[in-house]
Amino acid sequence: MKNQWHRFDFILLPVLGGIFILLLWHISSHTWSGDLPDPAKTWHESKPYVLDPWGKRGELDQGILRFTLLSLGLVAKGYAIALILGTPIGFCLGLSPTFTKIFDPIIQILRPVSPLAWLPLGMVLFAKIKGINITEIAALFTIALCSMWPTVLNTAVGVRAIPTDYLNVARVLKLSRWKTLTRVMIPATLPYMFTGFRLSLGIAWLVIVAAEMLTGRPGVGGFLWQQYNALVYEQIILCILTIGGTGFILDRLMSVIERRFKTA
Amino acid sequence: MAFLQLQGVSMGYGPASRRTEVLADIDLEIEEGEFVAIVGYSGSGKTTLMSILAGLLRPESGKVLFDGQDTPGPGPDRGLVFQNYSLLPWLTVYENVALAVDQVFPKLSDAERRQHTDRFVAMVNLTPARDKRPHELSGGMRQRVSVARTLSMQPKVLLLDEPLGALDALTRATLQDEISRIRLAEKQTVVLITNDPDEAILLADRVIPLTAGPRATLGPSIPVILPQPRDRRTLHQSYDFKQIRQEVIGYLLKATSRHRTTLSRSLVLPDVEPEDITHHSQRFFGSGRRARRPSELKTETVEVEL
Ligand SMILES: Nc1ncnc2c1ncn2[C@@H]1O[C@H](COP(=O)(O)OP(=O)(O)O)[C@@H](O)[C@H]1O
Ligand SMILES: [Mg+2]
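Summarised in this report is the structure supplied together with it. It should be emphasised that the depicted structure is a prediction, and the values quoted were computed from it without experimental measurement.

Residue and element names in this part refer to chain B. Ordered in space as β2-β1-β4-β5, the four strands form an open sheet in which the pairing is antiparallel. The sheet terminates laterally at β2 (20-30) and β5 (69-70), the two strands that pair on one side only. Looking at chain direction, strand β4 (residues 61-66) and β5 are connected through two bridges and run antiparallel. By the bridge assignment, L65 is partnered in β5 with D70. In the packing of helix α1 (residues 46-54) onto the sheet, contacts are made with β1 (4-13), β2 and β4, and the angle to β1 comes to roughly 130 degrees.

Pasting the structure below:
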């Protein structure tokens, strides 16, 4: 009898956790936190956004999946820039002690800077360039700068960890520099690179919300901030759940890819 | 002039403060077509010696002469089989060999290169495993891939660094026979480094002992005047085999004991321990010596290897 129940643990226990949080939320909204809408009200007000996820009623009044897709689109661009810049920088750091000595202190200082600090700089930096969407460029700048570091650092560690034997094989075969890079060094570094890529994606997704809030661009984060400013609190929790769920799915996808390269 | 030659080669690692002298005054001459085995203790610098022969390491002093060139860098004409196989784990058996073939024979057509690669995969009996990755192979199979990769480059000299050291006895015997067969078929110049005197005598024309480090050096070369190919079953009974084995092992032991010295130092110990029972018992067996406390032992003699 007891074993029967254990078989469903994997689903029962998380549901239990969910119920506990819902209860806490419900009680809070009716006791000490008067402005917090309770779960039933939240669901009622969020329904139009969830049940018509692709709807578009206005720039900042769209279905939740439509918003998510907008945010993801921006993240994809910023993340791509981060990888395209970060991977070669990581290789240079891993290969050249001189390069490391020159740039490592700068990297260590830039790495902990919050996206909230980068965004204004981005707005200033690109303000005088004509024919661009300044908020989009500033957001991309912020995403790329914040999410690049795990890729840079993991790639550098991976390059330093390439076994000397693999490089000796390349030397005995007299592989050209280019072939040594593409046939030996990059494959040997890939597992580390993908760990960096996964961490970078997590950060990129964190940054998007902040970037959208500051710039007011349409997206999950922009929507959240707008509703807050309009004193409509019901959709804030919807946005938080969407952001969390999307981040979780992205991380899972990346670990699947990462694991494929681990065995190589 | 010899085909591959070392003259007064010395090598060490580390900065002056934490120096390990590994090799000292190594002289070695290898003729074309010869099979020379170097036998030495582990940690004595065998891999270092091999890396110097392969051109991967530059000796700190002395000269490497290969085929008329003075201290050349590494290249496919000196085919090194690495001690730990060093297969690229993301490539299949075929691809690991093909990487070498494509690099060394760029002038051949694609079809010819494929054929060449297949021939060497087949030579080490790995055709059934040609599309497997190294982590799916046993140690012996990996070693055979490594040998195939090196042979496929058709090197002028084959350098084998303890190629069978990590294998079980049966696999080792099979691969020894394979090495012997390939060598006789291709009339290959071979330098084999091993820690097993029997293996050296079974395969080589000449066995050279490498003394224990630090400052390891090569002993006199001992010719193996037994007909090739040799049969391991009858070999062990042969008088010549025993004689050569005795000579190799004897030299290594003698060279090592010369390195040993004794150190004496006085010990000052507090007198707080009980009497030593083991010494006490001597009394009953007629020595008559009274029991003593460990603290009475005033000096200690230890043998140290320098
Ligand atoms: N790259 C290195 N840096 C410092 N010491 C090394 C290095 N390679 C080998 N050694 C030292 O040199 C000695 C000989 O090593 P090695 O040539 O690998 O011996 P063997 O192959 O006979 O086991 C060892 O004491 C080892 O610690
Ligand atoms: Mg070794």
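On we go.
Attention shifts here to the pairing of strand β9 (residues 206-210) of chain B. Residues and elements named next belong to chain B. β9 sits mainly inside the fold: five of its five residues count as buried. Residues R206, I208 and L210 of β9 are buried on one face, and the alternating residues V207 and P209, pointing to the opposite face, are buried as well. One ladder, built from five bridges, connects strand β3 (residues 35-40) with β9; its direction is parallel. Paired with V39 across the bridge in β9 is P209. Examined bridge by bridge, β9 and strand β10 (residues 222-223) share two bridges and lie antiparallel to one another. Its bridge partner being in β10, R206 is matched across the sheet by P223.

Bringing the coordination of the magnesium ion (ligand 2) into the picture now. Six octahedral donors around a metal ideally subtend angles of 90 or 180 degrees, whereas four tetrahedral donors ideally subtend 109.5 degrees. All names here are of chain B. With distances of 2.0 to 2.2 Å, the protein atoms coordinating the magnesium ion (ligand 2) are T47 (OG1) and Q83 (OE1). With a gap of 36 residues between them, T47 in helix α1 and Q83 in the loop between β6 (78-81) and α2 (93-104) connect regions that are remote in the sequence. Given a relative accessible area of 34%, T47 falls into the partly exposed group.

On to the packing of aromatic side chains, then. The final tally for this structure, using the stated rule, is 10 aromatic pairs over all chains. Judged by centre distance (5.1 Å) and plane angle (65 degrees), the rings of F194 of chain A and F197 of chain A are edge-to-face. Here F194 of chain A and its partner F197 of chain A are both found in helix α9 (residues 177-215), three residues apart, which amounts to about one turn of the helix. Pair check on accessibility: F194 of chain A and F197 of chain A agree, each one buried. Put simply, the rings of Y49, F67 and F223 of chain A touch in pairs and so form one group of aromatic residues. Sitting over the face of the ring of Y49 of chain A, R57 of chain A holds its NZ or CZ atom 5.1 Å from the ring centroid. Sitting over the ring of F66 of chain B, R78 of chain B keeps its end group 4.8 Å from the ring centre.

Attention shifts here to the nonpolar core. In terms of nonpolar packing, the biggest core is built from 91 residues, with L6, L23, I38 and L159 of chain B touching the most fellow members. If you look at the next biggest cluster of nonpolar residues, it comprises 44 residues, including Y85, V93, F105 and V121 of chain B.

Facing 17 residues of chain A, the contacting portion of chain B comprises 19 residues. Here chain A packs against chain B, burying approximately 1800 Å² in sum over the two surfaces, 67% of which is carbon and sulfur. There are zero salt bridges connecting chain A and chain B. Our count for the contact surface shared by chain A and chain B stands at five residue pairs in polar contact (both at pLDDT 80 or more). Counting only elements with at least two residues in the side of chain A that touches chain B, the list comes to α8 (164-173) and α9 of chain A. In terms of residues, the side of chain A that touches chain B owes the most to one element, α8 of chain A, which gives seven residues. Considered class by class, the residues forming the side of chain A that touches chain B number nine nonpolar, three polar and five charged.

On to the sheet that holds strand β7 (residues 157-161) of chain B. All names here are of chain B. In space, the six strands of this open sheet follow the order β6-β7-β8-β3-β9-β10, with mixed pairing throughout. Bordering the open sheet on either side are β6 and β10, each of which pairs with just one other strand. By the bridge criterion, four bridges tie β6 to β7 in an arrangement that is parallel. Paired with L80 across the bridge in β7 is L159. Sheet strands touched by helix α4 (residues 139-152): β6 and β7. Its angle to β6, the strand with the most contacts, is close to 175 degrees.

Scoring rules and cut-offs
Residues numbered from 1 in each chain as written. Chains lettered and ligands numbered in written order. Predicted model: local features only at pLDDT ≥ 70, side-chain atom pairs only at ≥ 80, totals over all residues. Heavy atoms only, no water. Pairing = 2+ DSSP bridges. Helix = DSSP H or I, 4+ residues; strand = E, 2+ residues; numbered from the N terminus. Contact = heavy atoms within 4.5 Å. Axes fitted to C-alpha atoms, helices over the stretch in contact; angles between N-to-C directions. Buried < 20%, exposed > 50% of the residue type's maximum accessible area, 1.4 Å probe, protein only. Donors = N, O, S within 2.8 Å, 3.2 Å for Na, K, Ca; no water. Phe/Tyr/Trp six-rings, centres within 6.5 Å; stacked < 30°, edge-to-face > 60°. Lys NZ or Arg CZ within 6 Å of the ring centre and 35° of its normal. Core = buried A, V, L, I, M, F, W, Y, C linked by side-chain atoms within 4.5 Å. Buried area = accessible area lost by both parts, 1.4 Å probe. Salt bridge = Lys/Arg side-chain N within 4 Å of Asp/Glu carboxyl O. Polar contact = N/O pair within 3.5 Å; in protein donor to acceptor, adjacent residues only side chain to side chain. Nonpolar A, V, L, I, M, F, W, Y, C, P; charged D, E, K, R; others polar.

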